[in-house]
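Close look at the chain arrangement
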Amino acid sequence: MATFSVDGLGDFMLSMQQVAELPGEVIDEILEAGSEVVIKAQKDELLALGLYDNESNGPHLVDSIKLHKKLHATFADGPSRYVLIYPTGKHGQYNRRLRTKTYKNSKHGRTYTVGGDQKATSSSEVGFIHEYGAPRRNIPAKHWMQNANEKSAAATTAAQAAVYNKFLESKNL
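Only a predicted model underlies this, so the values are computations on that prediction, with no experimental measurement involved.

**As for the nonpolar core**
Listed in full, the 10 residues of the largest apolar core are V38, I39, L46, L51, L61, V62, I65, I85, V126 and W144. Elements supplying a minimum of two residues to this core: helix 2 (24-49) and helix 3 (60-63). At three residues, the largest contribution of residues to this core is made by helix 2. Excluding anything up to four places from it in sequence, V38 contacts I85, N149, S152 and T156. One finds A33, A159, F167 and L168 within the second-largest nonpolar core, a separate group that totals seven residues.

Laid out in structure tokens, this is it:
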């Protein structure tokens, strides 16, 4: 009759449990490694489509794409970590047109003015309009973010896998 003996299985089970429970720092490193690839891909896509303003202080939309780390508290599994990548900040200002209107029920032709002030536009608004378009203003949808994310999917996964493999090597697996 054959016998089967195993030596070191307890250590292997303990190390597999450590792998299953990734520390928060490793999760943050994995997310940051993938986000660097995505940010570069989104910036390259904007430049390739020509969606930048080089008349004023430089390409506002391209420079405004940033990483935002989030930590959401869940009750069962502990906090869940995720990142958001989108354009942030102020894109620019424009002067609204000054218009004179008359009061609706005015018997003597009284008027009032509307507009004439400056309105700030955020980079996220500009990015949204370039992504989905504005049919009433004849701005077509360019889907720059979706295309960049799809093109960089393999490279993002490879960058995240490299960080995870480094963690596994530190645990001698």
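Having seen the model, we can carry on.
**Observations concerning the packing of aromatic side chains**
Each pair of aromatic rings is reported with the distance of its centres and the angle of its planes. Summed over all chains, the structure comprises three aromatic pairs. Ring centres 4.8 Å apart and planes at 40° place the aromatic pair Y103 and Y112 in the tilted group. Aromatic side chains Y164 and F167 sit 6.4 Å apart centroid to centroid with 35° between the ring planes, which places their arrangement in the tilted category. With a gap of three residues between them, Y164 and F167 both fall in helix 6 (residues 153-170), about one helical turn apart. Since its relative accessible area comes to 28%, Y164 is described here as partly exposed. Judged by its relative accessible area of 8%, F167 is buried.

**Here's the deal with the packing of helix 2 against helix 5 (residues 144-151)**
Interhelical geometry of helix 2 versus helix 5 gives an angle of 130° and a closest axis separation of 8 Å. Judged by the angle between their axes, helix 2 and helix 5 are oblique. Where helix 2 crosses over helix 5, the two elements pack in a sense that is right-handed. On helix 5, the residues that touch V38, A41, Q42, E45, L46 and L49 of helix 2 are W144, M145, N147, A148, N149 and K151. Each residue belonging to the contact of helix 2 with helix 5 can be placed in one class, and the counts come to seven nonpolar, three polar and two charged.

**Quick look at helix 4 (residues 123-132)**
Where helix 4 is concerned, the buried positions are S123, V126, G127, H130 and E131. Looking straight down helix 4, one finds its buried side chains confined to an arc of 135°; they lie on one side. Lining the buried residues of helix 4 we find helix 3, strand 2 (79-87), strand 3 (90-95), strand 6 (118-122) and helix 5. Just downstream of helix 4, G133 is the residue with a positive phi angle, here 85°.

**Points about the environment of V126**
Residue placement: V126 occurs in helix 4. Judged by its relative accessible area of 15%, V126 falls in the buried class. In this structure the C-alpha to C-alpha distance between V126 and P87, which are 39 residues apart in sequence, comes to 8.7 Å.

**A word on the environment of D63**
Structurally, the position occupied by D63 is in helix 3. C-alpha separation for the pair D63 and G89, spaced 26 residues apart in sequence, amounts to 9.7 Å.

**Regarding the environment of L22**
Mapping L22 onto the fold places it in the loop between helix 1 (9-20) and helix 2. Classification of L22 by relative accessible area gives partly exposed; the value is 28%. Between the C-alpha atoms of L22 and F167, which are 145 residues apart in sequence, the distance is 9.1 Å. Dropping the residues within four chain positions of it, L22 is found in contact with I27, Y164 and F167.

Conventions adopted
Residues numbered from 1 in each chain as written. Predicted model: local features only at pLDDT ≥ 70, side-chain atom pairs only at ≥ 80, totals over all residues. Heavy atoms only, no water. Core = buried A, V, L, I, M, F, W, Y, C linked by side-chain atoms within 4.5 Å. Buried < 20%, exposed > 50% of the residue type's maximum accessible area, 1.4 Å probe, protein only. Helix = DSSP H or I, 4+ residues; strand = E, 2+ residues; numbered from the N terminus. Contact = heavy atoms within 4.5 Å. Phe/Tyr/Trp six-rings, centres within 6.5 Å; stacked < 30°, edge-to-face > 60°. Axes fitted to C-alpha atoms, helices over the stretch in contact; angles between N-to-C directions. Parallel < 35°, antiparallel > 145°, perpendicular 65-115°, else oblique. Left-handed = near helix turned anticlockwise from the far one by under 90°. Nonpolar A, V, L, I, M, F, W, Y, C, P; charged D, E, K, R; others polar. Arc of directions from axis to C-beta.

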